[in-house]
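# A structural walkthrough
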Amino acid sequence: QAGVSRSVAVVTAYLMKTEGLRCEEAYAAVRAAKPDAEVNPGFQGQLKLYEAMGCAVDTSSVLYKRYRLQMLTERYPELQDLPREVFAVDPTSICQTPVTEVLYRCRKCSRRALFRGSSILSHTEGSGPTAFARKRITDSAQLYGDGREKCTSYFTEPVQWMEPALLGVLEGQLLCPKCMSKLGSFSWRGEQCSCGRWVTPAFQIHKSRVDEVRTLPAGNFQAAKT
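Rules used throughout
Residues numbered from 1 in each chain as written. Predicted model: local features only at pLDDT ≥ 70, side-chain atom pairs only at ≥ 80, totals over all residues. Heavy atoms only, no water. Buried < 20%, exposed > 50% of the residue type's maximum accessible area, 1.4 Å probe, protein only. Helix = DSSP H or I, 4+ residues; strand = E, 2+ residues; numbered from the N terminus. Pairing = 2+ DSSP bridges. Axes fitted to C-alpha atoms, helices over the stretch in contact; angles between N-to-C directions. Disulfide = S-S within 2.5 Å. Expected span 1.5 Å × (residues − 1). Arc of directions from axis to C-beta. Polar contact = N/O pair within 3.5 Å; in protein donor to acceptor, adjacent residues only side chain to side chain. Salt bridge = Lys/Arg side-chain N within 4 Å of Asp/Glu carboxyl O.

## Focus: the pairing of strand 8 (residues 202-206)
Where a strand is regular, its side chains alternate between the two sheet faces. With respect to burial, strand 8 is a largely interior element, four of its five residues being buried. Summarising the sheet, strand 3 (residues 153-155) and strand 8 pair through three bridges and their orientation is antiparallel. Note on strand 8: the bridge partner recorded for S153 is H206. Relative to strand 8, strand 5 (residues 182-187) runs antiparallel, the two sharing four bridges. Within the sheet, the bridge partner assigned to G184 lies in strand 8 and is I205.

## Section: the sheet that holds strand 5
Pairing is antiparallel in the open sheet, where four strands are placed in the order 3-8-5-4. Each edge of the open sheet carries a strand with a single partner, namely strand 3 and strand 4 (171-175). Between one strand axis and the next, the sheet turns through 25 degrees on average, direction left out of account.

## Describing the state of the cysteines
All told, the structure shown has zero disulfides when counted by the stated rule. C193 takes part in no disulfide bond, and the closest cysteine sulfur, belonging to C151, lies 3.6 Å away. What makes C193 buried here is its relative accessible area of 0%.

## Some words on helix 3 (residues 41-52)
Here helix 3 spans 17 Å end to end across twelve residues, near enough to the 16 Å set by a 1.5 Å rise per residue. What helix 3 keeps buried is the set F43, L47, L49 and Y50. Down the axis of helix 3, the buried side of the element spans an arc of 160 degrees, and every buried residue falls inside it. Residues of helix 3 that are exposed and point more than 90 degrees away from the buried face comprise P41 and A52. Structurally, the start of helix 3 carries an N-cap: the backbone nitrogen of G42 is 3.1 Å from a side-chain oxygen of N40. After helix 3 finishes, the residue G54 shows a positive phi value of roughly 75 degrees.

## Quick word on the pattern of salt bridges
Applying the stated rule across the entire model yields eleven salt bridges. Residue E24 is joined to K48 by a salt bridge in which the shortest nitrogen-to-oxygen separation is 2.2 Å. Taken together, the residues E24 in helix 2 (residues 23-33) and K48 in helix 3 connect sequence positions 24 residues apart. Relative accessible area serves as the criterion here: at 36%, E24 is assigned to the partly exposed category.

From the geometry alone we can't say anything about function, so treat these as descriptive.
If you want it as C-alpha coordinates, here you go:
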(Lines give C-alpha, C1' and ligand atoms only; values in the text may rest on other atoms or scores of the structure.)
Protein backbone atom coordinates (compact mmCIF):
# COMPACT_ATOMS: atom_id res chain seq x y z
CA GLN A 1 0.00 0.00 0.00
CA ALA A 2 2.87 2.38 0.83
CA GLY A 3 4.41 1.80 -2.57
CA VAL A 4 1.09 2.46 -4.32
CA SER A 5 0.55 5.67 -2.35
CA ARG A 6 4.09 6.81 -3.15
CA SER A 7 3.54 6.21 -6.87
CA VAL A 8 0.34 8.27 -6.81
CA ALA A 9 2.16 11.08 -4.96
CA VAL A 10 4.98 11.10 -7.53
CA VAL A 11 2.56 11.31 -10.46
CA THR A 12 0.60 14.06 -8.68
CA ALA A 13 3.79 16.06 -8.09
CA TYR A 14 4.77 15.57 -11.76
CA LEU A 15 1.45 17.03 -12.93
CA MET A 16 1.79 19.95 -10.51
CA LYS A 17 5.25 20.73 -11.88
CA THR A 18 4.67 20.19 -15.60
CA GLU A 19 1.04 21.31 -15.95
CA GLY A 20 1.01 24.08 -13.37
CA LEU A 21 -1.84 22.46 -11.46
CA ARG A 22 -2.65 23.00 -7.81
CA CYS A 23 -2.31 20.00 -5.52
CA GLU A 24 -6.05 19.25 -5.43
CA GLU A 25 -6.38 19.62 -9.19
CA ALA A 26 -3.46 17.30 -9.92
CA TYR A 27 -4.71 14.68 -7.46
CA ALA A 28 -8.20 14.87 -8.98
CA ALA A 29 -6.71 14.30 -12.44
CA VAL A 30 -4.89 11.19 -11.20
CA ARG A 31 -8.06 9.84 -9.58
CA ALA A 32 -10.04 10.54 -12.75
CA ALA A 33 -7.64 8.27 -14.64
CA LYS A 34 -7.40 5.72 -11.80
CA PRO A 35 -10.36 5.94 -9.38
CA ASP A 36 -8.77 3.70 -6.75
CA ALA A 37 -5.65 5.92 -6.49
CA GLU A 38 -4.98 6.99 -2.89
CA VAL A 39 -2.39 9.19 -1.19
CA ASN A 40 -1.79 8.68 2.53
CA PRO A 41 -1.80 11.69 4.92
CA GLY A 42 2.00 11.79 5.05
CA PHE A 43 2.36 12.20 1.30
CA GLN A 44 -0.54 14.65 1.27
CA GLY A 45 1.42 16.85 3.65
CA GLN A 46 4.50 16.63 1.46
CA LEU A 47 2.51 17.56 -1.65
CA LYS A 48 1.09 20.60 0.15
CA LEU A 49 4.62 21.59 1.14
CA TYR A 50 5.81 21.08 -2.45
CA GLU A 51 3.02 23.35 -3.67
CA ALA A 52 3.80 26.02 -1.05
CA MET A 53 7.45 26.05 -2.18
CA GLY A 54 6.44 26.69 -5.79
CA CYS A 55 6.82 23.08 -6.95
CA ALA A 56 10.52 23.04 -6.14
CA VAL A 57 12.53 21.34 -3.41
CA ASP A 58 14.21 24.21 -1.57
CA THR A 59 16.08 22.95 1.49
CA SER A 60 16.82 26.55 2.54
CA SER A 61 13.12 27.40 2.72
CA VAL A 62 11.66 28.18 6.14
CA LEU A 63 8.70 25.96 5.22
CA TYR A 64 10.99 23.03 4.43
CA LYS A 65 13.07 23.46 7.59
CA ARG A 66 9.98 23.67 9.81
CA TYR A 67 8.40 20.59 8.20
CA ARG A 68 11.62 18.61 8.61
CA LEU A 69 11.82 19.53 12.31
CA GLN A 70 8.20 18.56 12.89
CA MET A 71 8.88 15.12 11.39
CA LEU A 72 11.89 14.52 13.65
CA THR A 73 9.95 13.76 16.81
CA GLU A 74 7.95 11.12 14.93
CA ARG A 75 10.97 9.43 13.40
CA TYR A 76 13.28 9.81 16.41
CA PRO A 77 11.02 9.64 19.51
CA GLU A 78 14.05 9.13 21.76
CA LEU A 79 15.67 12.28 20.30
CA GLN A 80 18.99 10.48 19.88
CA ASP A 81 21.26 10.14 16.83
CA LEU A 82 19.53 12.96 14.98
CA PRO A 83 20.69 13.53 11.38
CA ARG A 84 23.57 15.96 11.18
CA GLU A 85 21.89 18.00 8.45
CA VAL A 86 19.17 19.03 10.90
CA PHE A 87 21.63 21.30 12.71
CA ALA A 88 22.65 24.61 11.14
CA VAL A 89 26.40 25.11 10.89
CA ASP A 90 27.87 26.93 13.88
CA PRO A 91 28.76 30.44 12.61
CA THR A 92 32.07 30.33 14.47
CA SER A 93 33.23 27.40 12.31
CA ILE A 94 33.23 29.50 9.13
CA CYS A 95 36.33 31.63 8.70
CA GLN A 96 35.07 33.85 5.90
CA THR A 97 31.56 34.95 5.06
CA PRO A 98 31.02 34.77 1.29
CA VAL A 99 28.19 37.32 1.20
CA THR A 100 26.75 40.02 3.40
CA GLU A 101 25.40 38.14 6.40
CA VAL A 102 23.49 39.04 9.52
CA LEU A 103 24.84 37.28 12.61
CA TYR A 104 23.52 37.28 16.15
CA ARG A 105 25.91 37.14 19.07
CA CYS A 106 25.53 36.85 22.83
CA ARG A 107 24.91 40.26 24.36
CA LYS A 108 26.52 39.41 27.69
CA CYS A 109 29.92 38.22 26.49
CA SER A 110 29.68 40.26 23.24
CA ARG A 111 31.85 37.79 21.39
CA ARG A 112 30.16 34.48 20.78
CA ALA A 113 28.34 34.32 17.41
CA LEU A 114 25.27 32.14 17.92
CA PHE A 115 23.27 31.96 14.69
CA ARG A 116 22.78 33.55 11.29
CA GLY A 117 19.78 35.46 10.05
CA SER A 118 19.12 32.58 7.64
CA SER A 119 18.52 30.29 10.63
CA ILE A 120 15.55 32.30 11.86
CA LEU A 121 12.27 30.47 11.20
CA SER A 122 9.64 33.15 10.85
CA HIS A 123 6.04 32.45 11.75
CA THR A 124 2.67 34.05 11.14
CA GLU A 125 1.93 36.57 13.84
CA GLY A 126 -0.46 35.31 16.48
CA SER A 127 -3.54 36.98 17.87
CA GLY A 128 -1.76 38.65 20.77
CA PRO A 129 -3.12 38.62 24.35
CA THR A 130 -6.32 36.80 23.32
CA ALA A 131 -4.18 33.73 22.59
CA PHE A 132 -3.26 33.52 26.28
CA ALA A 133 -6.78 32.84 27.49
CA ARG A 134 -5.61 30.57 30.29
CA LYS A 135 -3.02 32.99 31.58
CA ARG A 136 -3.45 36.20 33.53
CA ILE A 137 -2.92 39.03 31.06
CA THR A 138 -0.96 41.91 32.54
CA ASP A 139 -1.26 45.51 31.41
CA SER A 140 2.10 45.30 29.66
CA ALA A 141 0.97 42.32 27.62
CA GLN A 142 -1.85 44.41 26.20
CA LEU A 143 0.25 47.41 25.21
CA TYR A 144 0.83 46.37 21.61
CA GLY A 145 -0.03 49.82 20.34
CA ASP A 146 3.04 51.46 21.85
CA GLY A 147 5.43 50.54 19.04
CA ARG A 148 7.00 47.51 20.68
CA GLU A 149 7.46 44.28 18.78
CA LYS A 150 4.90 41.57 19.38
CA CYS A 151 7.53 38.84 18.99
CA THR A 152 10.14 39.24 21.71
CA SER A 153 12.10 36.13 20.71
CA TYR A 154 13.74 34.64 17.64
CA PHE A 155 12.64 31.11 16.80
CA THR A 156 15.47 29.37 14.96
CA GLU A 157 16.46 26.04 13.55
CA PRO A 158 18.76 24.13 15.91
CA VAL A 159 22.41 25.14 15.59
CA GLN A 160 25.37 22.78 16.11
CA TRP A 161 26.34 24.29 19.48
CA MET A 162 22.84 23.42 20.81
CA GLU A 163 23.17 19.69 20.11
CA PRO A 164 24.42 18.53 23.56
CA ALA A 165 21.45 20.24 25.24
CA LEU A 166 18.83 18.95 22.79
CA LEU A 167 19.57 15.24 22.59
CA GLY A 168 17.49 12.90 24.69
CA VAL A 169 15.35 15.55 26.41
CA LEU A 170 12.06 17.15 25.42
CA GLU A 171 12.72 20.65 26.77
CA GLY A 172 15.27 22.76 28.55
CA GLN A 173 17.29 25.96 28.57
CA LEU A 174 19.57 27.33 25.85
CA LEU A 175 22.80 28.75 27.27
CA CYS A 176 25.59 30.68 25.59
CA PRO A 177 28.35 28.10 24.95
CA LYS A 178 30.99 30.68 25.93
CA CYS A 179 29.72 32.51 29.03
CA MET A 180 26.84 30.14 29.95
CA SER A 181 24.33 32.98 30.31
CA LYS A 182 20.72 32.07 29.57
CA LEU A 183 19.65 32.88 26.02
CA GLY A 184 16.26 31.22 25.86
CA SER A 185 14.71 27.78 25.84
CA PHE A 186 13.69 24.89 23.64
CA SER A 187 10.86 22.39 23.55
CA TRP A 188 10.30 19.64 21.02
CA ARG A 189 6.61 19.81 22.00
CA GLY A 190 6.44 23.49 21.18
CA GLU A 191 6.33 26.87 22.91
CA GLN A 192 4.15 29.93 22.58
CA CYS A 193 5.65 33.10 21.18
CA SER A 194 4.83 36.40 22.90
CA CYS A 195 2.67 37.24 19.87
CA GLY A 196 0.43 34.31 20.75
CA ARG A 197 1.52 31.92 17.99
CA TRP A 198 2.34 28.34 19.04
CA VAL A 199 5.56 27.12 17.42
CA THR A 200 6.45 23.40 17.24
CA PRO A 201 9.17 22.41 17.81
CA ALA A 202 10.54 25.58 19.39
CA PHE A 203 14.13 26.78 19.72
CA GLN A 204 13.58 30.21 21.21
CA ILE A 205 16.23 32.88 21.83
CA HIS A 206 15.15 36.11 23.49
CA LYS A 207 15.91 39.20 21.43
CA SER A 208 17.04 41.02 24.57
CA ARG A 209 19.87 38.49 25.02
CA VAL A 210 21.54 38.93 21.61
CA ASP A 211 22.96 41.68 19.41
CA GLU A 212 22.57 41.82 15.65
CA VAL A 213 25.85 42.09 13.75
CA ARG A 214 26.01 42.74 10.03
CA THR A 215 29.11 41.09 8.57
CA LEU A 216 30.46 42.45 5.30
CA PRO A 217 32.85 40.36 3.16
CA ALA A 218 35.07 43.33 2.24
CA GLY A 219 37.84 43.46 4.80
CA ASN A 220 35.79 41.31 7.19
CA PHE A 221 34.25 44.52 8.52
CA GLN A 222 31.57 44.07 11.15
CA ALA A 223 28.98 46.64 12.09
CA ALA A 224 26.88 46.14 15.21
CA LYS A 225 23.31 47.29 15.02
CA THR A 226 22.50 49.95 17.55
